[in-house]
Amino acid sequence: MLDVKRNLTTIMDFYELTMAAGYLEEGYEDKISVFDMFFRKIPDGGGFAIMAGLDTFIEAVENLKFTPEDITYLRGTGVFNERFLEYLANFKLHCNIWAIPEGTPIFPREPIVTVEGPSIECQLLETLLLVTINHQCLVATKSNRIVRSAQGRPVMEFGARRAQGYDAAVYGARAAYIAGCSSTSCVMAARDFGIPASGTMAHSWVQMFPSEYEAFKKYAQLYPDSCVLLVDTFNVMKSGVPNAIKVFDEVLKPLGKRPKGIRIDSGDIAYLSKKARKMLDAAGYEDCTICASNSLDEYIVRDLILQEAKIDSFGIGENLITAKSDPVFGGVYKLAAVKEGEDYIPKIKVSESIEKLTTPLLKKVWRLYDHYTKKAMADYVAVYDEPVEVGSDGLTLFDPFQTWKQRTYTNCSAVCLTTPIYENGKLVYDRPSVQQIRERCATQVENLWEEMRRFEFPHRYYVDLSQKLWDCQHELLTQLNQGDGRKHGQDRP
């Protein structure tokens, strides 16, 4: 966990404050609301995303406080009255928060975080929650694709210098490690999260010395137990690999040490790795590994392996840390219910775009696992107090949009993924270590069918609604169509 504690309370959009002030003026400070965070589309057309960022969000929530400096700034805007500023100065969280644990595969339209509490508090958490979860889910999802493409070969996260800011570098490294990367080049992330650190030299090291040979020799003398040499500063075949072998012979061999590897950062990596492998083997360094870097992604890594490149590990930076091919996760935060007495009053958002239709009420997400294969079969979103059991007759699920598509699942178990994190503002979740989250991610991804792990046209995983939840949604739609919806132009000719 990070040792440095920061107050991120004002990481919010200004409209959250204007709405909160309006809620207070309207007497809604004690009105209980339910908000869901969910996403609509898996990046890169993949079969699943990876949940990440929850512990970072918890860290921020644990330090929420409007400081005197915050209040002075807000007073200076001239927008807010003293009653609201006093409310903020005495702000204390009373929310219940549930979430799907980090490292779990997640799917569109299911609530991955749910916040229930006083409307003002729920609203003020919106941006903080979204920026944290969106970023780490995005990087974790991309990283897991790259790790899977490497087929068991280590993938080192090298992205700090290309990340969009300091926090993106640190927390991106965290997300990448959760998703399966073996190490990070970012020292702060390695220190704060217990991630293995990795890195050797840059081209500038080689250029700094009178010759490539002298640069290699000095490095080997300094780090005989972890010597990895960058061999492409000038010419891989003509000087890089020959000079590396010469240094291995002259410096490491007399010490009884073996080289750890060489790294190739440019050129035709498939061709160069094959040639380098032959040269190293001929010199007696069959155990010297070859690392490839240079703007790699999951497709290039996959192609290198298909071309039988002699690569033992990959160092991947910009395409991983920025999720360059699809750099927006797109998680949203929408009102699902308000509470009157002991009853939840469902709320729904309707749009001309069907994918923007929201699901009302306080809900839980259940995952069905096959008894025999242990594979995940489908997700089932139900009202929070619905009993969910797979009896002897099985559990029938139906597509919420194409309702004629139905399937009865038998010989499986339903596991609730929606986990309590806060109760009445108090943390009740036993926060796992980053290493434990990483292990969970590996296990959970392995529990998905191989067809879902395809990069192109993966098998669609079903996220279906319970009958009770679907009925509630469509009753609201019918009411809107017959009543206020027509008044606001939401009817069809």
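Above this text sits the structure in question.
Residues numbered from 1 in each chain as written. Predicted model: local features only at pLDDT ≥ 70, side-chain atom pairs only at ≥ 80, totals over all residues. Heavy atoms only, no water.

### Some remarks on the sheet that holds strand β21 (residues 463–465)
Reasoning step 1: The strand order across the open sheet built from four strands is β18-β14-β15-β21, with neighbouring strands paired in mixed fashion. Whereas interior strands pair on both sides, the edge strands pair on one side only; in this sheet they are β18 (412–416) and β21. Across the sheet, the mean angle from the axis of one strand to that of its neighbour is 30°, orientation sign disregarded.
Reasoning step 2: Across the sheet, helix α16 (residues 467–482) is in contact with β14 (363–370), β15 (376–383) and β21; its angle to β15 comes to roughly 55°. (Pairing = 2+ DSSP bridges. Helix = DSSP H or I, 4+ residues; strand = E, 2+ residues; numbered from the N terminus. Axes fitted to C-alpha atoms, helices over the stretch in contact; angles between N-to-C directions. Contact = heavy atoms within 4.5 Å.)

### What about helix α10 (residues 212–222)?
Reasoning step 1: For α10, the set of buried residues is E212, Y213, A215, F216, Y219 and A220. On an axial view of α10, the arc spanned by its buried residues comes to 165°, and they lie on one face. (Buried < 20%, exposed > 50% of the residue type's maximum accessible area, 1.4 Å probe, protein only. Arc of directions from axis to C-beta.)

### Some details on unusual backbone geometry
Reasoning step 1: The backbone of D44 sits at a positive phi, close to 60°, despite the residue not being glycine.
Reasoning step 2: Relative to the helices and strands, D44 resides in the loop between β1 (32–38) and β2 (49–50).
Reasoning step 3: The backbone of E308 shows a phi angle near 60°, a positive value even though the residue is not glycine.
Reasoning step 4: For E308, the position within the fold is in the loop between α13 (298–306) and β11 (313–316).
Reasoning step 5: Residue classification places E308 among the exposed positions, given a relative accessible area of 56%.

### Observations concerning the side chain of D326
Reasoning step 1: Considering the arrangement of structural elements, one finds D326 in the loop between α14 (318–321) and β12 (332–340).
Reasoning step 2: We classify D326 as buried; its relative accessible area is 16%.
Reasoning step 3: Here the side chain of D326 touches K41 through a polar contact of 3.3 Å, side chain to side chain.
Reasoning step 4: Excluding its chain neighbours within four sequence positions, the residues that come into contact with D326 are K41, I42, P43, D44 and L138. (Polar contact = N/O pair within 3.5 Å; in protein donor to acceptor, adjacent residues only side chain to side chain.)

### Thoughts on the nonpolar core
Reasoning step 1: Formed by 139 residues in total, the largest nonpolar core has its most connected members in F248, I262 and F314.
Reasoning step 2: Looking at this core, the element that brings in the most residues is helix α6 (residues 126–149), giving ten residues. (Core = buried A, V, L, I, M, F, W, Y, C linked by side-chain atoms within 4.5 Å.)

### Re the packing of helix α11 (residues 236–255) against helix α12 (residues 269–282)
Reasoning step 1: For the pair α11 and α12, interaxial distance at closest approach is 11 Å and the crossing angle is 35°. Of the two elements, α11 crosses α12, and the hand of that crossing is right-handed. Between α11 and α12, the residues in contact are V236, M237, V241, P242, I245 and F248 and L272, K275, A276, M279 and L280, respectively.
Reasoning step 2: Its residues placed into classes, the contact of α11 with α12 shows ten nonpolar, no polar and one charged. (Left-handed = near helix turned anticlockwise from the far one by under 90°. Nonpolar A, V, L, I, M, F, W, Y, C, P; charged D, E, K, R; others polar.)

### Here we look at helix α1 (residues 14–26)
Since the α-helix turns once every 3.6 residues, residues separated by three or four places project in the same direction.
Reasoning step 1: In this model α1 runs 19 Å from its N-terminal to its C-terminal C-alpha over 13 residues, within 8% of the 18 Å that 1.5 Å per residue would give.
Reasoning step 2: Here α1 has its buried residues at E16, L17, A20, A21 and L24. Seen along its axis, α1 keeps its buried residues to an arc of 130°; they face one direction. Of the residues in α1, the exposed ones pointing more than 90 degrees away from the buried face are E25 and E26.
Reasoning step 3: Buried residues in α1 make contact with α3 (68–76), α4 (82–89), α5 (119–124) and α6.
Reasoning step 4: One or two residues past the end of α1 sits G27, with phi positive at roughly 85°. (Expected span 1.5 Å × (residues − 1).)

### Remarks on the packing of α3 against α4
Reasoning step 1: It is the contact of α3 with α4, at a shortest axis distance of 10 Å, that shows an interaxial angle of 160°. Of the possible angle classes, the one that applies to α3 and α4 is roughly antiparallel. Once α3 is placed against α4, the crossing between them reads as right-handed. Side by side, α3 and α4 meet where I71, L74 and R75 of the first sit next to E82, L85, L88 and A89 of the second.
Reasoning step 2: Class assignment for the residues of the contact of α3 with α4 results in five nonpolar, no polar and two charged. (Parallel < 35°, antiparallel > 145°, perpendicular 65-115°, else oblique.)

### Describing the packing of aromatic side chains
Reasoning step 1: Evaluated as defined, the whole model comprises 17 aromatic pairs.
Reasoning step 2: Considering the side-chain rings of Y87 and F91, the 6.4 Å spacing of their centres and the 75° angle between planes classify their relative orientation as edge-to-face. Comparing Y87 with F91 shows no difference in burial state: the two are buried.
Reasoning step 3: The interplanar angle of 80° and the centroid separation of 5.7 Å between the aromatic rings of W205 and Y219 together place this pair among those described as edge-to-face. Here W205, found in helix α9 (residues 203–208), pairs with Y219, found in helix α10; they are 14 residues apart in sequence, far enough to count as distant. (Phe/Tyr/Trp six-rings, centres within 6.5 Å; stacked < 30°, edge-to-face > 60°.)

### A few points about the pattern of salt bridges
Reasoning step 1: Applying the stated criterion across every chain, the model contains 25 salt bridges.
Reasoning step 2: Close ionic contact of E456 with R302 constitutes a salt bridge, the shortest N to O distance being 3.3 Å. One end of the pair, E456, is in the loop between α15 (434–446) and β21; the other, R302, is in helix α13, and 154 residues separate them in sequence.
Reasoning step 3: Taking the shortest distance from any N to any O, the salt bridge between E318 and K324 comes out at 3.9 Å.
Reasoning step 4: Residue classification places E318 among the partly exposed residues on the basis of a relative accessible area of 21%.
Reasoning step 5: Within this structure, D44, K142, R145 and E298 form a network of salt bridges that share partners. (Salt bridge = Lys/Arg side-chain N within 4 Å of Asp/Glu carboxyl O.)

### Brief notes about the sheet that holds strand β5 (residues 113–118)
Reasoning step 1: Read across the sheet, seven strands follow the order β13-β12-β1-β5-β3-β19-β20 without closing on themselves; strand pairing throughout is antiparallel. Looking along the sheet, the strands with just one partner apiece sit at the ends: β13 (343–346) and β20 (426–427).
Reasoning step 2: Examined bridge by bridge, strand β3 (residues 96–99) and strand β19 (residues 419–423) share three bridges and lie antiparallel to one another. When the sheet's bridge partners are listed, A99 is paired in β19 with T419.

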